[in-house]
Amino acid sequence: DALGPTLCIGEILAEIVATTTGNGFLEPVPMIGPYPSGAPAIFIDQAGRIGGAAAMVGAVGDDDFGRVNIARLKRDGVDVSGIHTDPTLPTGTAFVRYRPDGARDFVFNMWTSAAGALAWTDAVDAVCTRAGHLHVMGTLLGHQTIWEMTERAATMIKARGGTISLDPNLRKELRGDPQTGSRFAQMVGMADLLLPSGDELYLAADLPPEAGEEAALARLFDLGVKEVAIKRGADGATCALPDGSRIHGAAFAVTELDPTGAGDCFGGAYVACRRLGMPVQQALTYANAAGARNVTFRGPMEGAGTRTELNDFISNTKRLA
Ligand code: ATP
Ligand code: MG
């Protein structure tokens, strides 16, 4: 962390969750919220909460949904100087209802809210000048302004000896889109650390899944990636290094209450722990714990844990084989 905080750029949302399962919002349903949310915000909140230096770039409205988010990030140690408060647009929102099978229905107001009014301001420039690491969300590569800001921040941070991580979070169809595909390839080429789940390892390596994990990893290491942490849901996670080591961390046995945010909490904890100098195995333990603990809380980042909370969780929770 000596070089400066871990930075994340993207949407900040207020999330409102239906308290009953069912199909969508076609009738009145009981809901609870607002919860601070947005994948980049979840990531950076967990990074700050575990004790890493962290900073967020995003935009909220001049309303309580924005204030709830800023207060949470501040409380958890995140530098919020790069968060713009838009004077006219409201804070972005996500209404979520889980179906009985675990699928989700959403009503989003994201890019038509303050979240979409992000711009390169002096405050953004200042925080990018200080940052030592950028975490990139693959979901945002299709957004023109966020792409331009991400590319600019990544170039600045790399130039001063900083590092980049990438959560591909990309669907196959987007990888096939010429512009998003080439942006994605550019970010894979700049990334030091990748955090894929499911088929994303193969999307990043631009190989079919039939090629197998080792071939995909070899391709990524050829491209200059230095570390790959593969998220496997209830099967835990594996870190692969170019020297051939494959280090596995078992998942923790939990009862899932709200799966939103697992991947982002895993990532925030993993990046923060590695940047704090922890060895891979210890970072995996904290990251698996952060992902698992978060799914036991209702609300997207309500279960993000401090170091003490995660230590307690690790001591008191069985690990899956
Ligand atoms: P998301 O579903 O949030 O997009 P992801 O697909 O990027 O996440 P996952 O592998 O689902 O990533 O979750 C990240 C980590 O969180 C896992 O590696 C695991 O450690 C933990 N985790 C997620 N779900 C569970 C679960 N049901 N039980 C135990 N651990 C879990
Ligand atoms: Mg998942």
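For the structure itself, look to the data block above.
S.K.: Just checking my understanding: could you explain the packing of aromatic side chains for this structure?
M.R.: Aromatic ring pairs: the centre-centre distance and the angle between the two ring planes describe each pair. Following the criterion strictly, the structure yields 3 aromatic pairs and no others. Consider the rings of Phe106 and Phe108, whose centres lie 4.7 Å apart with planes at 15°: the pair is stacked. When its relative accessible area of 38% is taken as the criterion, Phe106 is described as partly exposed. On the basis of relative accessibility, which here comes to 44%, the residue Phe108 falls in the partly exposed class.

S.K.: Looking at this structure, how should I read the pairing of strand β8 (residues 133–137)?
M.R.: Counting buried residues along β8, 5 of its 5 residues qualify, which places the element largely inside the surrounding structure. Burial of the side chains of β8 extends over both faces: His133, His135 and Met137 are buried on one face and Leu134 and Val136 on the other. Pairing between strand β1 (residues 6–9) and β8: 3 bridges, direction parallel. Paired with Leu7 across the bridge in β8 is Leu134. Examined bridge by bridge, β8 and strand β9 (residues 163–167) share 5 bridges and lie parallel to one another. The residue of β9 that forms the bridge with His133 is Thr163. Taken together, β8, helix α4 (residues 144–159) and β9 constitute a β-α-β crossover, and its handedness is right-handed.

Reading the values: rules and limits
Residues numbered from 1 in each chain as written. Chains lettered and ligands numbered in written order. Predicted model: local features only at pLDDT ≥ 70, side-chain atom pairs only at ≥ 80, totals over all residues. Heavy atoms only, no water. Phe/Tyr/Trp six-rings, centres within 6.5 Å; stacked < 30°, edge-to-face > 60°. Buried < 20%, exposed > 50% of the residue type's maximum accessible area, 1.4 Å probe, protein only. Helix = DSSP H or I, 4+ residues; strand = E, 2+ residues; numbered from the N terminus. Pairing = 2+ DSSP bridges. Right-handed = clockwise from strand over helix to strand, strands pointing away.

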